[in-house]
Amino acid sequence: MNRQENFDELRAKQYLQTLKYKKLEYEPLGNVTPDFVIDNKIAIEVRRLNKNYISNEKLVHIEDTEIPLVTKNIEELHENIQLVIDEKNKKIEKNFNLYDEWWLILVDYITHAISSEDFEKVKKMKLNKHKFTRVIILSPDGDFKAFKL
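In this convention, every chain numbers its residues from 1, walking through the sequence in written order. With the structure being a predicted model, the display of local features is reserved for residues of pLDDT at least 70 and the display and counting of side-chain atom pairs for 80 or more, all residues being used for whole-chain, interface and lining totals. Side-chain descriptors were evaluated using all non-hydrogen atoms of the structure, hydrogens and water having been removed beforehand.

1. Observations regarding the packing of aromatic side chains
- In this scheme Phe, Tyr and Trp rings, the latter by its six-membered ring, pair at centre separations within 6.5 Å, and the angle between planes marks the pair as stacked below 30 degrees, edge-to-face above 60, and tilted otherwise. Scanning all chains against the criterion turns up 6 aromatic pairs.
- Between the aromatic rings of tyrosine 26 and phenylalanine 36, the centroid separation amounts to 5.3 Å while the plane-to-plane angle is 55°, which identifies the pairing as tilted. One end of the pair, tyrosine 26, is in strand 1 (residues 24-26); the other, phenylalanine 36, is in strand 2 (residues 36-38), with 10 residues separating them in the sequence.
- Exposed residues in this analysis have more than 50% of their type's maximum accessible area, buried residues have under 20%, and partly exposed residues fall in between, with area computed by a 1.4 Å probe over protein chains only. Residue classification places tyrosine 26 among the buried residues on the basis of a relative accessible area of 19%.
- Through a chain of ring-to-ring contacts, the aromatic side chains of Phe96, Tyr99 and Trp102 assemble into a single cluster.
- Sitting over the face of the ring of phenylalanine 96, lysine 131 holds its NZ or CZ atom 5.7 Å from the ring centroid. Secondary structure counts use DSSP, requiring at least four H or I residues in a row for a helix and at least two E residues in a row for a strand, with both numbered from the N terminus. As a reminder, the over-ring test applies to NZ of lysine and CZ of arginine, requiring each to be within 6 Å of the ring centre and within 35 degrees of the ring normal.

2. Side note on the layout of surface pockets
- Computed over the protein atoms alone on a 1 Å grid, cavities are sets of points where a 1.4 Å probe fits but cannot get out and pockets are open sets with protein on both sides within 12 Å along at least five of seven lines; a residue lines them when it has an atom within 4 Å of a point. Grid points are joined across faces, edges and corners, and a volume is the space filled by probe spheres set on the points. In this structure, the largest pocket occupies an estimated 150 Å³ of space.
- Lining the largest pocket are Ile54, Glu57, Lys58, Leu59, Leu83, Asp86, Glu87 and Lys90.
- In terms of residues, the lining of the largest pocket owes the most to one element, helix 2 (residues 71-92), which gives 4 residues.

Structural measurements only, silent on function.
So this is what it looks like as structure tokens:
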């Protein structure tokens, strides 16, 4: 039985359809990583970007939190991006060699639509993308505001 895309996956799918690739497939291996594959080459994982913290060596999610961006919260955004990249990097290990490259789309529920100016500040902070060739921060609603790391 095929699983329906969740809201964040639907948002990512709509965004990916604007990129003009030939074939977009949802869960090509079933309900395991990756969430999408483009042209049988690019694997894509989708995850909600929300506030997180580590407790007993586990990532704990704080849902639907909106914060105003000031310098210290830009650092907090950066920290949460890295926490999620680290989490997803472990998840893709099993199927990593099946595809030429891996992308991670993060649907932004921290800022809901980061400004270009604030995104540039985040980009200047070092991120370890691990196995991901591209990390995309995507607004959760409205026009597709997407930033590539």
